[in-house]
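Close look at the chain arrangement
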Amino acid sequence: MECCSLLRTLVHRYCAGEEDWVDSRTVYVGHREPPPGTEAYIPQRYPDNRIVSSKYTFWNFIPKNLFEQFRRIANFYFLIIFLVQLIIDTPTSPVTSGLPLFFVIMVTAIKQGYEDWLRHKADNAMNQCPVHCVQHGRLVRKQSRKLRVGDIVLVKEDETFPCDLIFLSSSRADGTCHVTTASLDGESSHKTHYAVQDTKGFHSEEDIDSLHATIECEQPQPDLYKFVGRINVYNDQNDPVVRSMNTFLIVYLCILISKALVNTVLKYVWQSTPFQDEPWYNRKTEAERQRNLLLRAFTDFLAFMVLFNYIIPVSMYVTVEMQKLLGSYFIAWDGEMLDEGLGEGPLVNTSDLNEELGQVEYVFTDKTGTLTENNMEFKECCVEGRVCVPHAVCNGQALPDASAMDMVDASPGASGREREELFFRALCLCHTIQVKDDDEVDGPQKPRDSGKRSAYISSSPDEVALVEGIQRFGFTYLRLKDNYMELLNRDSDVERFELLEVLSFDSVRRRMSVIVKSATGEIYLFCKGADSSIFPRVIEGKVDQIRSRVERNAVEGLRTLCVAYKRLVPEEYEGICKLLQAAKVALQDRDKKLAEAYEQIETDLVLLGATAVEDRLQEKAADTIEALQKAGIKVWVLTGDKMETAAATCYACKLFRRNTQLLEVTTKRLEEQSLHDVLFELSKTVLRCSTSLTRDNFSGLSADMQDYGLIIDGASLSLIMKPREDGSSSNYRELFLDICRNCSAVLCCRMAPLQKAQIVKLIKFSKERPITLAIGDGANDVSMILEAHVGIGVIGREGRQAARNSDYAIPKFKHLKKMLLVHGHFYYIRISELVQYFFYKNICFIFPQFLYQFFCGFSQQTLYDTAYLTLYNISFTSLPILLYSLMEQHVAMDTLKRDPALYRDIAKNALLRWRAFIYWTLLGLFDALVFFFGAYFMFENTTVTSNGQVFGNWTFGTLVFTVMVFTVTLKLALDTHYWTWINHFVIWGSLLFYVVFSLLWGGVVWPFLSYQRMYYVFIQMLSSGPAWLAIILLVTVSLLPDVLKKVLCRQLWPSAIERVQTSRFVSGPPLGSHPLASL
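Residues numbered from 1 in each chain as written. Predicted model: local features only at pLDDT ≥ 70, side-chain atom pairs only at ≥ 80, totals over all residues. Heavy atoms only, no water.

Per the UniProt annotation, the sites labelled "binding site: Mg(2+)" (unreviewed entry) are Asp366, Thr368, Asp777 and Asp781. Considering the C-alpha atoms alone, the annotated residues occupy 416 residues of sequence yet fold into one spot, their largest mutual distance being 10.7 Å. With respect to the element layout, Asp366 can be found in the loop between strand S10 (360-365) and strand S11 (372-383). Residues contacting Asp366, with those up to four places away along its chain left out, are Leu371, Leu638, Thr639, Lys756, Ile775, Gly776, Asp777, Asp781 and Met784. (UniProt positions renumbered as here; feature names shortened; annotations may be inferred. Helix = DSSP H or I, 4+ residues; strand = E, 2+ residues; numbered from the N terminus. Contact = heavy atoms within 4.5 Å.)

Here we come to a nonpolar patch on the surface. Among the surface-exposed residues, Tyr114, Trp117, Leu118, Tyr329, Phe330 and Trp333 lie close enough to one another that they form a single nonpolar patch of about 660 Å² accessible area. Considering every element that reaches the nonpolar patch, the biggest residue donor is helix H4 (residues 94-127), with three residues. Mapping Tyr114 onto the fold places it in helix H4. Look at Tyr114 and you get partly exposed, because its relative accessible area is 41%. (Patch = residues over 30% accessible without salt bridge, like charges linked within 9 Å, V, L, I, M, F, W, Y side chains within 5 Å. Areas by Shrake-Rupley, 256 points an atom, 1.4 Å probe, with all protein chains shown as cover. Salt bridge = Lys/Arg side-chain N within 4 Å of Asp/Glu carboxyl O. Buried < 20%, exposed > 50% of the residue type's maximum accessible area, 1.4 Å probe, protein only.)

Let's shift gears to the state of the cysteines. Structurally, a disulfide amounts to a covalent bond that connects the sulfur atoms of two cysteines. A complete count under the given rule lists zero disulfides for this structure. With no disulfide partner, Cys381 has as its closest neighbouring cysteine sulfur the one in Cys388, 4.5 Å distant. Judged by its relative accessible area of 1%, Cys381 is buried. Cys749 takes part in no disulfide bond, and the closest cysteine sulfur, belonging to Cys748, lies 7.7 Å away. You can call Cys749 buried: its relative accessible area is 2%. (Disulfide = S-S within 2.5 Å.)

Where helix H3 (residues 73-87) contacts H4, the two axes come as close as 9 Å, and the packing angle between them is 145°. In the packing of H3 onto H4, the handedness of the crossing is left-handed. Contacts between H3 and H4 pair Asn75, Phe78, Leu79, Ile81, Phe82, Gln85 and Leu86 from the former with Pro94, Thr96, Ser97, Gly98, Leu101, Val104 and Ile105 from the latter. (Axes fitted to C-alpha atoms, helices over the stretch in contact; angles between N-to-C directions. Left-handed = near helix turned anticlockwise from the far one by under 90°.)

With that out of the way, let us pick up the side chain of Asn354. Position of Asn354 among the secondary structure elements: in the loop between strand S9 (347-348) and S10. Assessed through its relative accessible area of 0%, Asn354 is described here as buried. Only 2.7 Å separates the side chain of Asn354 from the side chain of Tyr808, close enough to count as a polar contact. Dropping the residues within four chain positions of it, Asn354 is found in contact with Lys324, Gly327, Ser328, Ile331, Tyr808, Gly824 and Tyr827. (Polar contact = N/O pair within 3.5 Å; in protein donor to acceptor, adjacent residues only side chain to side chain.)

Take the pairing of strand S24 (residues 605-617) next. Where burial is concerned, most of S24 is hidden: 10 out of the 13 residues are buried. Bridge count for S11 against S24 is eight bridges, and the pairing is antiparallel. Along S24, the bridge assignment pairs Cys382 with Ala610. Here two bridges tie strand S22 (residues 538-540) to S24, and the two strands are oriented parallel to one another. By the bridge assignment for S24, Val538 is matched with Leu605. Across seven bridges, strand S23 (residues 559-568) lies against S24 in antiparallel orientation. Bridge assignment links Arg559 to a residue of S24, and that residue is Val613. (Pairing = 2+ DSSP bridges.)

What follows covers helix H32 (residues 981-1003). Taking 1.5 Å per residue, 23 residues should reach 33 Å; H32 reaches 31 Å between its end C-alpha atoms and fits that length. Considering bend angle alone, the principal kink of H32 is centred on Gly989 and spans about 25°. When H32 is considered as a whole, its buried residues turn out to be Asn983, Val986, Ile987, Ser990, Leu991, Tyr994, Phe997, Ser998, Trp1001 and Gly1002. Residues of H32 that are buried sit in contact with helix H27 (866-876), helix H28 (878-887), helix H31 (953-975) and helix H33 (1017-1022). (Expected span 1.5 Å × (residues − 1). Bend = angle between axes of the 7 residues up to and from the residue.)

Excluding glycine, residues mostly have negative phi values, and the peptide bonds linking residues are mostly trans. For Asp589, which is not glycine, the phi dihedral falls at a positive 55°. Residue position: Asp589 is located in the loop between helix H15 (570-584) and helix H16 (590-601). Located in the positive-phi region is Asn909, a residue other than glycine, with phi close to 55°. Here Asn909 shows up in the loop between helix H29 (893-898) and helix H30 (914-938).

Within the structure shown, the criterion is met by 56 aromatic pairs. Relative to Phe839, the ring of Phe248 has its centre 6.0 Å away and its plane inclined at 85°; by these criteria the two rings are edge-to-face. With Phe248 in helix H7 (residues 240-270) and Phe839 in helix H26 (residues 815-852), this pair connects stretches of sequence that are 591 residues apart. A relative accessible area of 2% means that Phe248 is categorised as buried. (Phe/Tyr/Trp six-rings, centres within 6.5 Å; stacked < 30°, edge-to-face > 60°.)

Strand order across the open sheet formed by three strands is S1-S7-S8, with antiparallel pairing between neighbours. Each edge of the open sheet is held by one strand with a lone partner, namely strand S1 (24-28) and strand S8 (229-233). Direction aside, the axes of adjacent strands within the sheet are offset by 15° on average. Taken together, the five bridges between S1 and strand S7 (residues 213-218) define a ladder with antiparallel strand orientation. Directly across from Val27, in S7, lies its bridge partner Ile215.

Residue placement: Asn731 occurs in the loop between helix H21 (714-721) and helix H22 (732-741). Residues Asn731 and Met721, spaced 10 residues apart in sequence, show a C-alpha to C-alpha distance of 9.3 Å.

Moving on, we get to the nonpolar core. Formed by 93 residues in total, the largest nonpolar core has its most connected members in Ile312, Met316, Tyr864, Tyr868, Phe961 and Met964. With 17 residues, H26 is the largest single contributor of residues to this core. Viewed by domain, this core spans two of them, domain 1 (248-280 + 291-312) and domain 4 (822-1060), each represented by three or more residues. Among all residues touching Met964, those that are not within four sequence positions of it are Cys844, Phe845, Tyr864, Tyr872 and Phe931. In this structure, Met337, Met643, Cys650 and Tyr808 belong to the second largest nonpolar core, which totals 41 residues. (Core = buried A, V, L, I, M, F, W, Y, C linked by side-chain atoms within 4.5 Å. Domains from an automatic or database assignment.)

Turning our eyes to something else, we now look at the sheet that holds strand S27 (residues 707-713). Judged by pairing direction, the sheet is mixed, and its nine strands sit side by side in the order S9-S31-S30-S29-S10-S25-S28-S27-S26 without closing on themselves. Two strands bound the open sheet, and with one partner strand each, they are S9 and strand S26 (660-665). Note: strand S25 (residues 634-638) against strand S28 (residues 745-749), four bridges, orientation parallel. Opposite Val635, over in S28, you have Ala745 as the bridge partner.

According to the stated counting rule, one finds 47 salt bridges in the structure shown. The residue Lys379 makes a salt bridge to Glu614 at a minimum N-O spacing of 3.5 Å. Taken together, the positions of Lys379 in strand S11 and Glu614 in strand S24 put the pair 235 residues apart, joining distant regions of the chain. On the basis of relative accessible area, Lys379 is assigned to the partly exposed category, the value being 32%. Of the residues examined, Glu614 reaches a relative accessible area of 24% and is grouped as partly exposed. Across the pair Lys756 and Asp781 runs a salt bridge, and its minimum N-O distance is 2.9 Å. Placement of Lys756 in helix H23 (residues 753-764) and of Asp781 in the loop between strand S29 (771-776) and helix H24 (782-787) is noted, with a sequence separation of 25 residues between them.

This is the structure we're talking about:
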């Protein structure tokens, strides 16, 4: 018991860490113990700072990789076959099964090991990044992985944080720093952080080394924006194709077992005749006669399994792996997807999903930064009912001096002029912008015509756009110095306001406020935020006029903010200070108490006006969405923006059209009706024409049928996803899904990141099990990117977190069109042909062996030589299909981009359905019958050599094998539409290699072989004229049914792709291609 207790203690101490045993953590700054008498020193163990994204280590690679590979049915099956060949006497050598299996395992292991080595390399590059730490009063350089909790780290400008940090001090006098959190939440804008008040005066290494402090804080928790703690300073003192492959593999495994079983039964039926089981040339030993019948039958069954095991295409898996790996490079090398501005092209982080790009049914996209540029531009403001724009336009010329376009009152009175200037001052003061100190400004004011513009840094691009836009109206924000905010007014005078308090913005309140004190002693509270959060708190102002303008701007797709204020008397301000201070020092529920304090303070406001900022659409975003809809892909926009702004963006990018009937499930509507009534009403609406809006004929773009679009917000989604009180799953989900299925597009607004992932998961696991794709550019999109089948990150302004966590990364949203409609289409066509072709050529390979048993007394005699058995899938027929799966273009790229509807022809795994599989299997059976019986009947009683000799069994098998190799290779040539010199080299080179190998294998006496049953066999066969005639005739007969089927189908029931191919062949091939096989 004591040993168990000690072991448990060691496990918790060294693996879990003692932080799991307590509710809070104590971090000792600089690893210095607290002074005696203050608190107990309890050292705690924490994980190290290493980043690990790799899968294997040097020690576990072999066992772990072998375990994963032998979890595959095919590999495990061939391992059993190989072991059976080692244990019992079988008609074929263990090498025939062991060598291909070893080759597959080695190639896959090398590929996976190489990819994992790249991950190790990336991890090492990150873990070995140099970090500067303060130790013993001097700066020490160490690797990032060697950081420990409690180290004091020095981070310089434009450097990346190596770990989670608490801000102790800054080189700036006011103890601030500007931080971008793009790698965490996707926000590329700068956020201002303030150093701990008690430590911001420590500027040198000696000062920091003298710091004696401990930090008490909560345990790690998932909320990125929440951290509660306190510091005690002591003074001196984070597939359809695969499913089809596995299904087909099980079918062929059943065929294999059936063949072995039938041959075993027929063998003993045939041997039931006296003396049939003991021919004169193969007498049994006494031990063999005494063996149990069941044991002999079982041994024979296993022997037949080994003989026919080649019907299972084990090399298909390694070919698929190579096709995916090499195919990913073709995507990365696509010059058309290179963005010249960024200097980057597409990135492939996962090579296993190329074919799924051709099966996407739902695209979930973020709005800001993905559909839009995330580049804000100030458009206008509405002050006291008057619309003000930066420039007026007259006769097509911008007038710089014109600053207003009147809407209601062209000549405001004294109070109106005062409100207008107060509005501009509010925008200059109510923000968290910092001015980058490129040049220190001397004197009381900064000249407006100095020729230098201030560099603004902010946590929100909207704030920068507003402050820069207000400059055009004569008000310029200068800087924050010594807690005083300075601005330049219209008269070029500098005004100074003391910054008293900042009520920070949060997504719940959707507003922020500042409390400032003017030079005359007046105290103001300026507040700006979303219209829904400002209007309910306003008691004065022209609310109706401003609300009307806000709604109009929102419909036009502009981002709107409302501005309000109130004056505070000194007594009122004192009460506010006490209220805020009490909330700030609370250790429990600090955020809740601060939110309650903000709610009490931001009341009884006077409305000043509203602003409008534009976030422009990305280039060709509308064209991309229109193409995806024509391809039968449903596009959903998931955004955190307000409904009106998001809806306007959806109209601009053609997600919604003017004839689209919008259906709403929003909080506003749920205030009037229950969720149950709303969903059932919408369900009746969309299901009226559900019969005409099927998946196969509906793209949301038809003018002769009703087009529906759905808008839902985050609060309504929470109600739909919420389980019932009895704990059962809500049936609202199915009703909601039925509505969505009959809508051409869906807009989800006011969505939190986790809600985005919920939406993706809901569609992903619906009864249709569609293939989903999520695309976003920020870290707040990572959750939905990881949830979807295919995740694509946009390399944009919001950092690289989305790009790093995605399967693919593209520079712009417009590149999604080519990624799906071209690359996805091609790779699905290629992988489908690869899978079907492998099963086809293997049934061509092994079915003649099955037929041969009826002519050899079921003696398990092989039809082909061992070398042919081994090299058929490895050498003779492997390269042509691999190259086909990398380079085939059945339709020109421009055609796929020009006609997105072609994507529908391959939807829902169309080329790997049972109909196609059965056709390929029957074709393989027919060809195998032609190979075997064609050769059999042509040479049954014929002397074919000049000396009167007839063909023996090895010559017969070689003839069948030769016809088979030529047939399956030429079958692939007939399926090839895009010919290059590489295709010609590989296809004809493979046939030439087979002939040369056979000549050398049978024409040379190899000293390392104990016997050489193929000696002179191939040469003798080629010396016979009838053999040449048989090869040509049987190859032609074998290919004829496939040619006839293609001709008839193309003429009578052509698909959209076949019609395009026919028109291309008639008009002539595009430059650089040679469609020798037009069928």
